[in-house]
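Each chain is listed here by its residues.
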Amino acid sequence: MATEKIRPGVVVTGAAGDMGAALCDSFLDDGFAVFGADIAAPRGRDGLTPVVADVTDRTAVFALAERASAESRLSVWVNCAGIFEAGAVAQAGTEAWSRIIAVNLTGTFHGCAAALAVMSRTGGGRIVNAGSLSGHVGGTGVHPAYGASKAGVHALTKTYALEGARHGIACNAVAPGVLEGRMGGQFADGQLERLARANPMRRLGRIDEAVEAIRFLADPVRASYLNGVVLPVNGGAYMPS
Ligand SMILES: NC(=O)c1ccc[n+]([C@@H]2O[C@H](COP(=O)([O-])OP(=O)(O)OC[C@H]3O[C@@H](n4cnc5c(N)ncnc54)[C@H](O)[C@@H]3O)[C@@H](O)[C@H]2O)c1
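Just so it is clear, the model here is predicted, and its values are computed rather than measured. (Residues numbered from 1 in each chain as written. Predicted model: local features only at pLDDT ≥ 70, side-chain atom pairs only at ≥ 80, totals over all residues. Heavy atoms only, no water.)

Within the protein one finds eight helices and seven strands. Its C-alpha radius of gyration of 17 Å places the protein within 12% of the 18 Å reference for a compact globule of 241 residues. In terms of principal-axis extent, the alpha carbons of the protein reach across some 55 × 35 × 35 Å. A separation threshold of at least 6 residues defines the contact pool for the protein, and within that pool the share at least 24 residues apart is 72%. With the model as given, the accessible surface of the protein reaches about 10900 Å², and the carbon-plus-sulfur share is 58%. Between the averaged position of the 21 positive side-chain charges in the protein and that of its 21 negative side-chain charges there is a distance of 5 Å. (Helix = DSSP H or I, 4+ residues; strand = E, 2+ residues; numbered from the N terminus. Rg over C-alpha atoms; globule rule 2.2 N^0.38 Å. Contact = heavy atoms within 4.5 Å. Areas by Shrake-Rupley, 256 points an atom, 1.4 Å probe, with all protein chains shown as cover. Lys, Arg positive; Asp, Glu negative; His and termini not counted. Charge placed at Lys NZ, Arg CZ, Asp CG, Glu CD.)

Axis separation between helix 3 (residues 58-71) and helix 4 (residues 94-122) bottoms out at 9 Å; the angle between their running directions is 30 degrees. When the interaxial angle is binned, helix 3 and helix 4 end up roughly parallel. By crossing handedness, the relation of helix 3 to helix 4 is classed as right-handed. Residues Arg58, Val61, Phe62, Ala65, Glu66 and Ser69 of helix 3 form the contact with helix 4, whose own contacting residues are Phe109, His110, Gly111, Ala113, Ala114, Ala117, Val118, Arg121 and Thr122. Tallied by class, the residues present in the contact of helix 3 with helix 4 amount to eight nonpolar, four polar and three charged. (Axes fitted to C-alpha atoms, helices over the stretch in contact; angles between N-to-C directions. Parallel < 35°, antiparallel > 145°, perpendicular 65-115°, else oblique. Left-handed = near helix turned anticlockwise from the far one by under 90°. Nonpolar A, V, L, I, M, F, W, Y, C, P; charged D, E, K, R; others polar.)

It is worth spelling out the sheet that holds strand 5 (residues 125-130) at this point. One open sheet holds the seven strands; their spatial order is 3-2-1-4-5-6-7, and the pairing between them is parallel. Sheet topology places strand 3 (48-52) and strand 7 (230-233) at the edges, where each strand pairs with a single neighbour. Along the sheet, successive strands turn relative to each other by an average axial angle of 20 degrees, direction set aside. The pairing of strand 1 (residues 8-13) with strand 4 (residues 73-79) spans five bridges and is classified as parallel. Bridged to Val11 within strand 4 is Trp77. On top of the sheet, helix 4 reaches strand 4, strand 5 and strand 6 (169-176); it is set at about 165 degrees to strand 4, its chief contact. Its contacts with the sheet place helix 8 (residues 207-217) against strand 4, strand 5, strand 6 and strand 7, and it is angled at close to 165 degrees to strand 6. (Pairing = 2+ DSSP bridges.)

Residues Val11, Leu64, Leu74, Trp77 and Tyr160 are the most contacted members of the largest nonpolar core, which totals 28 residues. Elements that contribute at least two residues to this core include exactly strand 2 (33-38), helix 3, strand 4, helix 4, helix 6 (144-165) and strand 6. Looking at this core element by element, the count peaks at eight residues for helix 4. Setting aside anything within four residues of it in sequence, one finds Tyr160 in contact with Phe109, Cys112, Ala113, Leu116, Ala165 and Cys171. Counting 25 residues, the second largest nonpolar core, distinct from the first, contains Ala15, Leu23, Phe32 and Val211. (Core = buried A, V, L, I, M, F, W, Y, C linked by side-chain atoms within 4.5 Å. Buried < 20%, exposed > 50% of the residue type's maximum accessible area, 1.4 Å probe, protein only.)

This paragraph deals with helix 2 (residues 18-29). In this model helix 2 runs 17 Å from its N-terminal to its C-terminal C-alpha over 12 residues, within 8% of the 16 Å that 1.5 Å per residue would give. Those residues of helix 2 that fall on the buried side of the exposure criterion are Met19, Gly20, Ala21, Leu23, Cys24, Ser26, Phe27 and Leu28. On its buried face, helix 2 sits against strand 1, strand 2, strand 3, strand 4, strand 6 and helix 8. Two residues or fewer after helix 2 comes Gly31, characterised by a positive phi angle close to 85 degrees. (Expected span 1.5 Å × (residues − 1).)

Bringing the site of the ligand into the picture now. The ligand sits among 26 residues. The nearest are Met19, Asp38, Asp54, Tyr146 and Leu179. Between the ligand and the protein, one listed contact pairs an oxygen atom with a backbone N or O atom of Gly17 at 3.0 Å. Taking Lys150, its side chain carries an N or O atom lying 2.9 Å from an oxygen atom of the ligand. Protein contact buries 93% of the 830 Å² of open area that the ligand shows by itself. Elements with a minimum of two residues in the shell around the ligand: helix 2 and helix 6. (Near = heavy atom within 4 Å. Polar contact = N/O pair within 3.5 Å; in protein donor to acceptor, adjacent residues only side chain to side chain.)

As a further point, take unusual backbone geometry. Positive phi is not limited to glycine here, since Arg202 has a value of about 60 degrees. Position of Arg202 among the secondary structure elements: in the loop between helix 7 (191-198) and helix 8. A relative accessible area of 47% means that Arg202 is categorised as partly exposed.

Right, let's get into helix 4. For helix 4, with 29 residues, the first-to-last C-alpha span of 40 Å sits near the 42 Å given by 1.5 Å per residue. Of all the bends found along helix 4, the most pronounced is centred on Ala102 and spans about 35 degrees. (Bend = angle between axes of the 7 residues up to and from the residue.)

To continue, consider the side chain of Ser132. Position of Ser132 among the secondary structure elements: in the loop between strand 5 and helix 5 (134-137). Owing to a relative accessible area of 5%, Ser132 belongs among the buried residues under this scheme. From its side chain, Ser132 meets the backbone nitrogen of Ser134 in a polar contact 2.9 Å long. Ser132 has contacts with Tyr146, Lys150, His154, Val174, Ala175 and Pro176, leaving out every residue within four places of it along the chain.

So, in structure tokens, the structure goes:
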């Protein structure tokens, strides 16, 4: 246990998803003790502690933080759990609204709060949140709660950056555009192709490109003076072309 405690630790929520799983692999490659949490059981591998937990359950999220801190030198927390529901904005209902806000926004709130509570006791660390291009520009073909939840994640990031700075904790976010993979695959036929064509780089992003940005923001040396940043990873999608 003594040597385990010396290992840097990271909590990744949404660890069974495309981005979360790739992030876990990336942190494992660098020798981190990885606590991969998801509502679906994350794939087990050496060095990874899979935790089945629902990020909307504040008690479970705080228990996860305490466990990760007891079993490692918890230094990074990545809030990656999220849900996306494709569909016409005009038909968007309130059940889906509540579900999306609960996971994407309230779940990230619980993660930031748990990380702050533990890391402020243990010498600081870094929080990285999964925001989205939708949090900046909204979007059609997706439930309006998605963009609203991600705009909320961007604001949460700034709040925890301000509070965290007093405790040696930096909090930043990535705001990816649409990426290849399971989540983007929920868009209606043809919409993904249109989104790729409309991007200045004429393609969707890749999961590994978002992972690189998260790893950068999680790095206390390379990103030492970055705090409260919402980093776009979108191929230049703001610029019409
Ligand atoms: N993939 C994209 O195009 C894209 C673009 C911008 C932002 N994002 C954001 O990046 C993050 C990761 O996306 P992804 O591509 O890996 O999606 P994904 O669907 O592959 O993974 C999301 C994971 O979150 C988990 N999850 C859902 N509800 C949960 C809950 N209540 N508690 C715990 N875990 C829960 C799911 O089981 C899943 O494993 C999400 O927050 C997403 O909104 C993704």
